[in-house]
Amino acid sequence: MRGYLAGSGWQEYQKSGTICGLRILPGLKEASRLPKPIFTPSTKAARGQHDENISPEQAGDIIGKDLARQVEKLAVELYKEGAEYAATRGILLADTKFEFGILEGRLILIDEVLTPDSSRFWPADRYKEGSNPPATTSSTCATT
């Protein structure tokens, strides 16, 4: 999930004007806030390697369109709720990763959720469009 243009999303946007194959408004800068949070799925890489970004359509091809829509809906809701909560603490949630699985036929959320290891947090008071703000450290997040 991405709410701001940073990291691999920024790199792809610079090359093609897309993030995970999704066309994004032209003229954005590094760290620009996106008009709305976007679902940016990826495949799970082998240990020690980077996950590979894929399009929502590719995610649907891999796990089925209905399940991909359920994952997207839940990911968007979780991101929005997390971003709203972080904002009350003076923190911007630039992007985050959620991992989902299936247990007994039901979609479940697994692994880390909104942790510094799975998210890019920025101090709101140091945010400036056009440059990648310094990340909020895990100790800062733990105390807020």
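Everything that follows concerns the structure shown earlier in this document.
Residues numbered from 1 in each chain as written. Predicted model: local features only at pLDDT ≥ 70, side-chain atom pairs only at ≥ 80, totals over all residues. Heavy atoms only, no water.

Participant: So what exactly am I meant to see when it comes to the layout of surface pockets here?
Facilitator: Over the atoms rolls a probe the size of a water molecule, and its path tells where empty space is left. Its volume calculated, the largest pocket comes out at about 1200 Å³. Taken together, 39 residues form the lining of the largest pocket, with T40, P41, S42, D51 and K97 sitting closest to its centre. Broken down by element, the residue count for the lining of the largest pocket peaks at 4 residues, all from strand β8 (residues 99-103). (1 Å grid on protein atoms, 1.4 Å probe; cavity = no way out; pocket = protein on both sides within 12 Å on 5 of 7 lines; lining within 4 Å. Points joined across faces, edges and corners; volume = space filled by probe spheres on them. Helix = DSSP H or I, 4+ residues; strand = E, 2+ residues; numbered from the N terminus.)

Participant: Help me understand the packing of helix α2 (residues 56-63) against helix α3 (residues 65-87), please; the structure alone is not making it clear to me.
Facilitator: Helix packing geometry: the angle between the two helix axes and the distance between the axes. Between α2 and α3, whose axes approach to 7 Å, the crossing angle comes to 125°. Looking at the two axes, α2 sits oblique to α3. The chirality of how α2 crosses α3 is right-handed. Contacts from A59, G60, D61 and I63 of α2 reach α3 at K65, L67, A68 and V71. Counted by class, the contact of α2 with α3 contains 5 nonpolar, 1 polar and 2 charged residues. (Axes fitted to C-alpha atoms, helices over the stretch in contact; angles between N-to-C directions. Parallel < 35°, antiparallel > 145°, perpendicular 65-115°, else oblique. Left-handed = near helix turned anticlockwise from the far one by under 90°. Contact = heavy atoms within 4.5 Å. Nonpolar A, V, L, I, M, F, W, Y, C, P; charged D, E, K, R; others polar.)

Participant: Sorry, what's going on with α3 here?
Facilitator: In an α-helix there are 3.6 residues to a turn, and that puts residues three or four apart on one side. Relative to the 33 Å expected for 23 residues at 1.5 Å per residue, α3 spans 33 Å between its end C-alpha atoms, a close match to the ideal helical length. Among the structural elements, β1 (2-4), β4 (33-38), α2, β7 (91-96), β8 and β9 (106-110) are those in contact with the buried residues of α3. (Expected span 1.5 Å × (residues − 1).)

Participant: Please clarify how the pairing of β9 should be interpreted in this entry.
Facilitator: One face of the sheet, then the other: side chains in a regular strand alternate in exactly this way. Bridge analysis of β8 against β9 gives 5 bridges, and the strand direction is antiparallel. Directly across from G101, in β9, lies its bridge partner I108. As consecutive antiparallel partners, β8 and β9 are separated by 2 residues, and within that stretch E104 has a phi angle of approximately 50°, a positive value. (Pairing = 2+ DSSP bridges.)

Participant: Before we go on, may I ask you to explain the environment of S8 in this structure?
Facilitator: Take S8: it is sitting in helix α1 (residues 7-16). When its relative accessible area of 33% is taken as the criterion, S8 is described as partly exposed. Not counting chain neighbours up to four residues away, the residues in contact with S8 comprise R2 and N53. (Buried < 20%, exposed > 50% of the residue type's maximum accessible area, 1.4 Å probe, protein only.)

Participant: When you look at the nonpolar core in this model, what are you seeing that I'm missing?
Facilitator: If you look at soluble globular proteins, the nonpolar side chains tend to sit buried side by side. In this structure, M1, Y4, Y79 and W122 are the most contacted members of the largest nonpolar core, which totals 18 residues. Secondary-structure elements contributing two or more residues to this core are α3, β7 and β10 (119-123). Sequence-distant contacts of Y79, that is, excluding residues within four places in its chain, are made with M1, R2, G3, Y4, P37, L93, A94, D95, T96 and F98. Judged by nonpolar contacts, the second largest core, of 9 residues, contains W10, Y13, I19 and C20. (Core = buried A, V, L, I, M, F, W, Y, C linked by side-chain atoms within 4.5 Å.)

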